[in-house]
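One letter stands for each residue in the lines below.
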Amino acid sequence: MLNLFILCLCCVMGLSEKVRYDNYTLYNVQPATEEQLRYLNDLYKGTDVLDFWTVPSTVENHVSVVSPPKSREEFEKALERQGINYDVVLEDIQKAFDDQTRTRRKRDSGMYWTNYQTIDEIYEWLYELARTNSNVVTLIQAGRSFEGRNITGVRISRKSGRKAFFIDGGQVGADWLSPTVVTYLINQLVTGDDPEARTASEDFEWHIFPIVNPDGHQFSQDSVRLWMKNRRPTSGSAIGVDLAKNWNSQWAVSGGSFNPSDSNYVGLGPFSEPETRYVSRYIDTIGTNLAGLLSFRAFGQRLLIPFAHTTDPMYNYRDMLTIGRRAMGSLAVKYNTQYLVGTSKEVHDGSTGTIADWVKHRFNPPVVATYQLRDRSQGYTLPVNQVLPSCEETYDSVMAILREAKFINVL
């Protein structure tokens, strides 16, 4: 939970300069017993100082935790008293954040995928892509965010009457990787020279939104690098809702918080936020034609399959598990990046209220999954030298998902 005092202060005062994380330490903590897991869960629920990037969920599933300088010694001693193993991933996460923005470059007619992209760069590029490829690309807008920013995407279609795929990224403000990965997919589908990409753009109509949470994304660029939620005031001085848990499927059953100050606050109800309402309404317009949905976010190296409705006899859980495992095998070929595949309950924190669960429940398309991209330890500090490899391997896996789904006659 993002309960660090400095971040709360920023929310209240609306600081005009960026919050810094000098000498904040990133840990990889590994609970080995149920007792150690309970201890970390109690710490996660009770701390106002530590920042848990991942929820303690299962034994031997590592937990990413950030400590401010003043609490580092106390935190390490507490872990040692409990016999909990940990690794120091980064001594100073501010240096990692500085490196993420130092090497940005942009070209006139496109973008590089060797760095993280800003919302202005992404939107400008989408406009240009639609202008120069008007026979294939149409600019689309689902609606406006709380602060009035357009939720902008593209529709890619080479032939009419095709089944549709919906792709989204950027539901979490601090997640700079998924919008960049999604724009890479767009670029391959529109201008790439891979025959599989050309076939994919002919066989399906693609509706793609790189940034569902434009306000949170911009705020993470301008002020608080680790901002997770959207930017709508909720209760008292609290701001924002976790959009990734605000969808109308098993909303708030598990994995979220009812405390408006927490970073995983689920809101007052499903679709309480303008961003999730507008995007869900857009999906409604194509829902009956959906062949699949792929949602992208950082981090964890997992492919999550919807689980909220696995008892439904119409739900092809086994098929999607097979597709996912084979596709993650293809993802690993280029850089040996290993993904876990399964439901959130099986391989992650069991969170509900996700876009994937909602789409699967409402429309039951055959292919639905959520990517948690690189990596398992560095999280939101992922270096820029891993951006392009992440884009490339993720693209390979998306093509593999289509290929494997066709092979077992799901698509």
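Before reading further, recall that the structure is shown in the block above.
Rules and cut-offs
Residues numbered from 1 in each chain as written. Predicted model: local features only at pLDDT ≥ 70, side-chain atom pairs only at ≥ 80, totals over all residues. Heavy atoms only, no water. 1 Å grid on protein atoms, 1.4 Å probe; cavity = no way out; pocket = protein on both sides within 12 Å on 5 of 7 lines; lining within 4 Å. Points joined across faces, edges and corners; volume = space filled by probe spheres on them. Helix = DSSP H or I, 4+ residues; strand = E, 2+ residues; numbered from the N terminus. Nonpolar A, V, L, I, M, F, W, Y, C, P; charged D, E, K, R; others polar. Buried < 20%, exposed > 50% of the residue type's maximum accessible area, 1.4 Å probe, protein only. Polar contact = N/O pair within 3.5 Å; in protein donor to acceptor, adjacent residues only side chain to side chain. Contact = heavy atoms within 4.5 Å. Pairing = 2+ DSSP bridges. Axes fitted to C-alpha atoms, helices over the stretch in contact; angles between N-to-C directions. Phe/Tyr/Trp six-rings, centres within 6.5 Å; stacked < 30°, edge-to-face > 60°. Lys NZ or Arg CZ within 6 Å of the ring centre and 35° of its normal.

Caption draft 1: Highlighting empty space enclosed by the protein. All chains considered together, the criterion is met by two cavities of 30 Å³ or more. Roughly 630 Å³ of internal volume is contained in the largest cavity. Lining the largest cavity are 40 residues, and of these W53, K245, H348, D349 and Q372 sit closest to its centre. Per-element tally for the lining of the largest cavity: the top contributor is strand β12 (residues 302–305), with three residues. Of the residues contributing to the lining of the largest cavity, the split by class is 17 nonpolar, 14 polar and nine charged. Volume-wise, the second largest cavity comes out at about 50 Å³. Lining the second largest cavity, in full, are Q100, Y116, A174, D175, W176, L177, R225, A298, R374, G379, Y380 and L382. When the residues that make up the lining of the second largest cavity are grouped by side-chain class, the tally is seven nonpolar, two polar and three charged.

Caption draft 2: A look at the side chain of N213. Topologically, N213 is positioned in the loop between β10 (204–209) and α8 (214–222). Classification of N213 by relative accessible area gives buried; the value is 0%. Polar side-chain contacts of N213 include one of 3.2 Å to the backbone oxygen of Q171. With near-sequence residues (within four places) excluded, N213 lies in contact with G170, Q171, V172, G173, M228, K229, N230 and L243.

Caption draft 3: View of the pairing of β10. With six of six residues buried, β10 lies mostly within the body of the structure. Here β10 shows a buried face lined by F204, W206 and I208 and a second buried face lined by E205, H207 and F209. Bridging between strand β9 (residues 163–168) and β10 involves six bridges; their strand directions are parallel. Bridge pairing in β10 links D168 to F209.

Caption draft 4: View of the pairing of strand β11 (residues 290–298). By the criterion of burial, β11 is predominantly enclosed, with nine of the nine residues buried. Pairing geometry for β9 and β11, over five bridges, is parallel. Counted as the bridge partner of F165 is G292 from β11. Relative to strand β14 (residues 367–373), β11 runs parallel, the two being bridged by seven bridges. Across the sheet, residue F296 finds its bridge partner in β14, namely Y371.

Caption draft 5: Just the sheet that holds strand β8 (residues 150–156), in detail. In space, the eight strands of this open sheet follow the order β7-β8-β10-β9-β11-β14-β12-β13, with mixed pairing throughout. Each having just a single partner strand, β7 (137–144) and β13 (340–343) make up the two edges of the open sheet. Direction aside, neighbouring strands of the sheet carry axes that sit 20 degrees apart on average. Sheet strands touched by helix α7 (residues 195–203): β8, β9 and β10. Its angle to β10, the strand with the most contacts, is close to 95 degrees. Taken strand by strand, helix α9 (residues 274–286) contacts β7, β8, β9, β10 and β11, and its axis lies near 135 degrees from that of β7.

Caption draft 6: Spatial organisation of the packing of aromatic side chains. Throughout the structure, instances matching the rule amount to 25 aromatic pairs. Ring centres of F204 and W206 lie 6.4 Å apart, and the angle between their planes is 80 degrees; on these two criteria the pair is classed as edge-to-face. Given the relative accessible area of 7%, F204 is considered buried. Taken together through their ring pairs, the aromatic side chains of W113, W125, Y184 and Y395 make up a single cluster. The ring of W176 carries R225 above its face, with NZ or CZ at 3.6 Å from the centroid. Lying over the aromatic face of W227, R231 brings its terminal NZ or CZ to 4.7 Å of the ring centre.

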